[in-house]
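# Overview (structure and organization)
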Amino acid sequence: MEDSSQEDEQILPEEDENTKVIKECLEAFHSKDSICEASIFKTVKKYFNAGGTPEEVVNVLAESFQGIGNLARQLVLWLEFCGENQNETEKMVEDHVKELLEEHFDPRKADTIFSDEGDLPGWLGEMISYPTWRNLFYSLADKHPDCIMLNFTIKLISDAGFTDEISSVSTASQQIDVFSRILKTSIASILTFRGTSLQDIISDLVKLVCSSKHTYFYTIALLHQAAKDKGTGYKLRYLSQELERRARLMGRDTCNITLGMNGAAAYPVIYQALTSMLTLSKNALNSGDVTTIYHLYSSDDPPPVAFLRLPQLFELLIDALYSPSARSHPPPFLSYSSC
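An account of the accompanying structure is given in this report.

What counts as what
Residues numbered from 1 in each chain as written. Predicted model: local features only at pLDDT ≥ 70, side-chain atom pairs only at ≥ 80, totals over all residues. Heavy atoms only, no water. 1 Å grid on protein atoms, 1.4 Å probe; cavity = no way out; pocket = protein on both sides within 12 Å on 5 of 7 lines; lining within 4 Å. Points joined across faces, edges and corners; volume = space filled by probe spheres on them. Helix = DSSP H or I, 4+ residues; strand = E, 2+ residues; numbered from the N terminus. Nonpolar A, V, L, I, M, F, W, Y, C, P; charged D, E, K, R; others polar. Salt bridge = Lys/Arg side-chain N within 4 Å of Asp/Glu carboxyl O. Buried < 20%, exposed > 50% of the residue type's maximum accessible area, 1.4 Å probe, protein only. Core = buried A, V, L, I, M, F, W, Y, C linked by side-chain atoms within 4.5 Å. Contact = heavy atoms within 4.5 Å. Axes fitted to C-alpha atoms, helices over the stretch in contact; angles between N-to-C directions. Parallel < 35°, antiparallel > 145°, perpendicular 65-115°, else oblique. Left-handed = near helix turned anticlockwise from the far one by under 90°.

## Points about the layout of surface pockets
Taken as a whole, the second largest pocket encloses approximately 440 Å³ of empty space. Surrounding the second largest pocket, 17 residues form its lining, His224, Arg237, Ser240, Gln241 and Asn262 being those nearest its centre. Looking at the lining of the second largest pocket, the elements that each hand over two or more residues are helix H12 (213-226), helix H13 (233-249) and helix H14 (255-261). Of the residues in the lining of the second largest pocket, the class split is eight nonpolar, five polar and four charged.

Written as structure tokens, this is what we have:
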């Protein structure tokens, strides 16, 4: 009797686990059009391994089937038969599906795709081959930046050669290889651009670069190094300055990075003077620091003139020089900076 009781205790936990698995699978089978789910074969296999019966799963799948996808396809065919334009009809359906996906998208469920599938789902690779669904992924990625599945999809799109499309997708900056690829493509496009919409390309690049301090620093450091090239250096310096200007307009304090890239740390006096005037919270001249800079450049061993050529400082000096409301004019080192 004791041996029989011990055997029952060993069997019961396994039976309870199988019962739980069967219950979970049946719940999945009862969902609308569950037979159309990509994971249906794995769920059915899991159900049978737990001891489920074929008759039950067939009946449940048949009862839950509504064929919504087939009905939608049939409706499209009817519209085309009635004379509607095929492209317009398909676009109407795609737009409606996009709206539904954006409305009901659950990033937590989306992240389970990899754990459930165990590998890259085939339908994902097929989806990114169509512009409509790529645009959907871009939109979703901006709304759900922490979704693993969407970030992985953005990388897939980049690897597939659509880098030029994702320059405005903020989540692309979270993956260094994707970001570097986009940055390289964008800079190359700017250097070789011949047209009137250059500012649009720069605007997309600014949005991506300014998505974090790390990406901004990475980009400015890269441009600073690349600007040493004699052939395209002046273009890259302009791009770096334009990124800095737009970053300030977006509320980013770029002062320390700009001064650091220009070697201001080696000149602590002028570094302190420029920092006190060019930080985002101030961005204004003051007589004490201007006088300090004047004396430094009037000395026998002046600092590099590059500090006077910083666009932000140059703008402040120009404004002070020509502003009717200015209480005093800046010392005459504007001409010095142009030498």
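## Concerning the pattern of salt bridges
Oppositely charged side chains can pair when the atoms bearing their charge come close. This structure, assessed with the given rule, holds ten salt bridges. For Glu165, the salt bridge identified is with Arg134, shortest N-O distance 2.9 Å. Taken together, the positions of Glu165 in the loop between helix H9 (148-159) and helix H10 (176-191) and Arg134 in helix H8 (residues 131-143) put the pair 31 residues apart, joining distant regions of the chain. Owing to a relative accessible area of 3%, Arg134 belongs among the buried residues under this scheme. One connected set of salt bridges, linked through shared partners, spans Lys155, Asp159, Asp177 and Arg181.

## A closer look at the nonpolar core
Grouped together as the largest cluster of nonpolar side chains are 41 residues, with contacts concentrated most on Met149, Leu150, Ile154, Ile166 and Leu239. Counting only elements with at least two residues in this core, the list comes to helix H6 (107-117), H8, H9, H10, helix H11 (198-209), H12 and H13. The residues contacting Ile154, other than those within four sequence positions of it, are Phe137, Tyr138, Ala141, Ile166, Val169, Thr171, Ala172 and Val178. Of all hydrophobic cores here, the second largest spans 17 residues; its members include Leu259, Ile270, Ala273 and Val290.

## Thoughts on the packing of H10 against H11
Helix packing for two helices is described by the angle between their axes and how far apart those axes are. At their nearest, the axes of H10 and H11 sit 10 Å apart, and the two run at 160° to each other. Comparing the axis directions of H10 and H11 gives the class roughly antiparallel. For the pair H10 and H11, the sense of crossing is left-handed. Taking contact as the criterion, the partners of Phe179, Ile182, Leu183, Ser186 and Ile190 in H10 are, on H11, Leu198, Ile201, Ile202, Leu205, Leu208 and Val209. A per-class count over the contact of H10 with H11 returns ten nonpolar, one polar and no charged.

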